[in-house]
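# Analysis of the macromolecular model
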Amino acid sequence: MTVHFIGAGPGAADLITLRGLRLIERCPVCLFAGSLVPEEIVRTAPKSARVLDTAPMHLDEIIAEMAAAHEAGLDVARVHSGDPSIYGATAEQMRRLDALGIPYDVTPGVPAFAAAAAALKLELTVPEVCQTVVVTRTSMKSSGMPEGEDLATLGQSGATLAIHLSIRNLAHIERELSPIPAYGPDCPVVVAYRVGWPDESFIRGTLSTIARLVREAKLTRTALVLVGRGLAAEGFVDSKLYDAAHPHILRPNARKTAKAAD
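Residues numbered from 1 in each chain as written. Predicted model: local features only at pLDDT ≥ 70, side-chain atom pairs only at ≥ 80, totals over all residues. Heavy atoms only, no water.

Under an unreviewed UniProt entry, the protein has the name Precorrin-4/cobalt-precorrin-4 C11-methyltransferase and belongs to Aureimonas pseudogalii. Annotation of the protein in UniProt includes, under Sequence similarities (unreviewed entry), the sentence "Belongs to the precorrin methyltransferase family." Taken verbatim from the UniProt record of the protein, the Pathway (unreviewed entry) comment is "Cofactor biosynthesis; adenosylcobalamin biosynthesis." (UniProt positions renumbered as here; feature names shortened; annotations may be inferred.)

This part takes up the domain arrangement of the protein. Split by domain assignment, the protein resolves into domain 1 (3-107) and domain 2 (112-232). The C-alpha centroid of domain 2 is placed 29 Å from the C-alpha centroid of domain 1. Opposite the 8 residues of domain 1 that make contact, domain 2 presents 12 residues. Each partner contributes to the roughly 800 Å² buried at the junction of domain 1 and domain 2, and carbon and sulfur atoms together form 70% of this total. When residues of domain 1 are sorted by the area they lose upon contact with domain 2, Pro-10, Ile-86 and Tyr-87 head the list and together hold 59% of the total. Counting the contacts that link domain 1 with domain 2 gives 0 salt bridges. One can count 4 residue pairs in polar contact (both at pLDDT 80 or more) joining domain 1 with domain 2. (Domains from an automatic or database assignment. Contact = heavy atoms within 4.5 Å. Buried area = accessible area lost by both parts, 1.4 Å probe. Salt bridge = Lys/Arg side-chain N within 4 Å of Asp/Glu carboxyl O. Polar contact = N/O pair within 3.5 Å; in protein donor to acceptor, adjacent residues only side chain to side chain.)

Have a look at this one:
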């Protein structure tokens, strides 16, 4: 018996991995985060499967279901949104399973920031503009941020920031990032709402305007905030990856070929 932690992706049912889907199709127990995982995905579970929405359940109840399945020798599909490694509350479940001696594995999923970039047709790492993506959040009602992980500190990098769980904290984001030279009040911001769902939407603005735009759109949850100069980069240099004059192990004669072409 194994508990399979499965990343279902950001919302579109066809963005789950084949491995994840096949696990759901064969597991006799399916526990899914109903507020964020589309029911279409868990409908693929066997007709006789025990399928439970864990949104109204607390941790002890979830673990009790896994323990009961373990006693019965039944595999469990534990389906989370996005990728289980990011804000999935999976570490605490795994710790409990370790203590109980219940085996588990993890199947990754498409994270929301990657799905948002795809929908926006953006590369988040633009040559000589930004080569780093920071996945973070801000402190609100959930657990606090560790020392040194506040936006003012992380923002010193000038990285593209993918800020989760913070749609109601935009004023704080503006206050923390606007004074930093790498960003500034005119820095591009995109709020991605329910990426991958039928009602997905995107609001573009700047650090100085995004709070008002989101307030006017009446968005209060299930959104990702992207901040960085790379979101609206223009006139940037081409990368060296496909540069005809840039040799590498798979193209050792690139420079010679480029000179011959000239």
